[in-house]
Amino acid sequence: MGDSGWRVHVDPTRCIGAGICASYAPAHFVLVDGLSRPVTERIDPADAVLDAAESCPMEAIVVSDAADGSRVAPEP
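Residues numbered from 1 in each chain as written. Predicted model: local features only at pLDDT ≥ 70, side-chain atom pairs only at ≥ 80, totals over all residues. Heavy atoms only, no water.

A. Geometry of the nonpolar core. In this structure, Val-8, Val-10, Phe-29, Val-49, Ala-52, Ile-61 and Val-63 are the most contacted members of the largest nonpolar core, which totals 17 residues. Contributions of two or more residues to this core are made by strand 1 (6-10), helix 2 (47-55) and strand 5 (61-65). Ignoring anything within four residues of it in the chain, the contact list for Ala-52 reads Cys-21, Tyr-24, Ala-25, Phe-29 and Ile-61. (Core = buried A, V, L, I, M, F, W, Y, C linked by side-chain atoms within 4.5 Å. Buried < 20%, exposed > 50% of the residue type's maximum accessible area, 1.4 Å probe, protein only. Helix = DSSP H or I, 4+ residues; strand = E, 2+ residues; numbered from the N terminus. Contact = heavy atoms within 4.5 Å.)

What follows is the structure, given as structure tokens:
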């Protein structure tokens, strides 16, 4: 994938384990010990991941551009 694609991070100090991310994007998020984790940190762009990040009640999910680190979601 090189530097193309996105990086997905879930802040464990903000995550409350609501599970919305795993519902919206089950191929990209799993709940482990009651908290969300990305299945993999580097992904190809996916609308479901944007939906998950925008829907997280704690804004614990941050999606950034792998090439330059700019924030993709949630919108600031």
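Having seen it, we continue.
B. Inspection of the side chain of Ser-64 at higher detail. Residue position: Ser-64 is located in strand 5. Non-local contacts of Ser-64, meaning those with residues more than four positions away in its chain, are made with Gly-5, Trp-6, Arg-7, Gly-69, Ser-70, Arg-71 and Val-72.

C. Structural detail: helix 2. Buried within helix 2 we find Val-49, Ala-52 and Ala-53. Down the axis of helix 2, the sector holding all buried residues measures 95°, keeping them to one side. The inward-facing, buried residues of helix 2 contact strand 1, helix 1 (20-24), strand 2 (29-32), strand 4 (42-43), strand 5 and strand 6 (71-73). (Arc of directions from axis to C-beta.)

D. Broad picture of the sheet that holds strand 1. Read from one edge of the open sheet, 4 strands run 4-1-5-6, paired in antiparallel fashion. Where the open sheet ends on each side, the last strands, each with one partner, are strand 4 and strand 6. Relative to strand 5, strand 1 runs antiparallel, the two being bridged by 5 bridges. Bridging across to strand 5, Val-8 finds its partner in Val-63. (Pairing = 2+ DSSP bridges.)

E. Structural context of the pairing of strand 5. Bridge count for strand 5 against strand 6 is 2 bridges, and the pairing is antiparallel. Across the sheet, the residue bridging to Ser-64 is Arg-71, located in strand 6. Hairpin connection from strand 5 to strand 6: 5 residues lie between these consecutive antiparallel strands, with Gly-69 at a positive phi of about 80°.

Don't take any of this as a statement about function, it's just geometry.
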